[in-house]
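Summary of the model geometry
Residue strings, one per chain:
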Amino acid sequence: MRIIPAFTVALCLLLGGCLGNPFGSTPAPEEPAPETPLSPVAQFISMNNTGAQASIDDPAFGGLVDVMVEGSFTSATGRDCRRAVVSRPPHEAEIVILCRQGENWELMPRVWGRGLD
């Protein structure tokens, strides 16, 4: 009959790890991630409306680029977005989309056409 108490103790130890510690502290609430600052090109797009143009030095886009804000639209998820063309001759022009996330703007993932079939 010694096997049953040993089995009970082993089962309690095994299952004890599955339960939370009633005497432990609760985890701290997660703080929101700090907002990453927008690049100079994204800042220009966020602050200007259709037709605005400028030459901006932005390392994220390879240096001095020409930016033209083309227009605003509402995305399929209901976000306010702006579309702009960023060009750096002799390279191809790139379409850039910036969407509002709450009070902040977010640069959408960039996709280049070169090399795509």
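For every chain, the first residue of its written sequence is number 1, and the numbers climb from 1 along that sequence. Where local features are concerned, this predicted model is filtered to residues with pLDDT of at least 70; where side-chain atom pairs are given and counted, the filter is 80 or more; whole-chain, interface and lining totals use all residues. Note that the side-chain values use all heavy atoms of the structure and ignore hydrogens as well as water.

1. Topic: the pairing of strand β4 (residues 94–101)
Put simply, the rule reads: Following DSSP output, two strands are said to pair if at least two bridges run between them. The numbering of helices and of strands both runs from the N terminus, where a helix is a DSSP run of H or I of at least 4 residues and a strand a run of E of at least 2.
For strand β3 (residues 80–87) and β4, the ladder comprises 6 bridges, and the chain directions are antiparallel. Across the sheet, R83 pairs through a bridge with I97, a residue of β4. In textbook terms, the turn of a hairpin is the stretch between consecutive antiparallel strands, and for β4 and strand β5 (residues 104–107) this stretch comprises 2 residues, one of which, G102, has a positive phi near 70°.

2. Focus: the state of the cysteines
For clarity, the cut-off: In this description, a disulfide is simply a cysteine sulfur pair whose atoms lie within 2.5 Å. Here's how the labels work: a residue is buried when its accessible area is under 20% of the maximum for its type, exposed when over 50%, partly exposed in between, all with a 1.4 Å probe on protein chains only.
Per the stated rule, a full pass over the model turns up 1 disulfide. Two residues share a disulfide in this structure: C81 and C99, whose sulfurs sit 2.0 Å from each other. The sign of the S-S torsion, about 105°, decides the handedness of the disulfide formed by C81 and C99: right-handed. Separated by 18 residues along the polypeptide, C81 in strand β3 and C99 in strand β4 bring together distant segments of the chain. This pair shows no difference in class: C81 is buried, exactly as C99 is.

3. Some details on the environment of Q43
Let me state the cut-off plainly: Polar contact is defined as a pair of N or O atoms within 3.5 Å, subject to the rule that within protein one atom must be able to donate a hydrogen and the other to accept it, and that residues adjacent in sequence are counted only when both atoms are side-chain atoms.
With respect to the helices and strands, Q43 occurs in helix α2 (residues 40–47). Taking the relative accessible area as the measure of exposure, Q43 reaches 38% and is therefore partly exposed. With 55 residues separating them in the primary sequence, Q43 and L98 have C-alpha atoms 9.6 Å apart. A distance of 3.5 Å separates a polar side-chain atom of Q43 from the backbone oxygen of L38.

4. Quick look at the nonpolar core
Under the convention used in this document: In this text, buried Ala, Val, Leu, Ile, Met, Phe, Trp, Tyr and Cys residues form a nonpolar core when linked through side-chain atoms within 4.5 Å. Here, two residues are considered to be in contact whenever any of their heavy atoms come within 4.5 Å of each other.
The biggest cluster of nonpolar side chains holds 15 residues, and the ones touching the most others in it are V41, F44, I45, F61, V65, V67 and V86. Taken together, the elements giving at least two residues each to this core come down to α2, β2 (63–74), β3 and β4. Here the element with the most residues in this core is α2; it accounts for 4 residues. Contact partners of I45, with chain neighbours within four places excluded, come to V67, V69, R82, A84, V96 and L98.

5. Quick notes on the side chain of D58
Heads up, the rule is: In this charge count, Lys and Arg are treated as positive and Asp and Glu as negative; neither His nor the chain ends contribute. The rule for a salt bridge is simple: a side-chain nitrogen of Lys or Arg has to be within 4 Å of a carboxyl oxygen of Asp or Glu.
Mapped onto the elements of the fold, D58 is located in strand β1 (residues 53–58). It turns out D58 is buried and unbridged, and the closest side chain with the opposite charge, R110, is 7.1 Å from it. Of note is the side chain of D58, whose polar atom sits 2.9 Å from the backbone nitrogen of V41. Dropping the residues within four chain positions of it, D58 is found in contact with S39, P40, V41 and G63.

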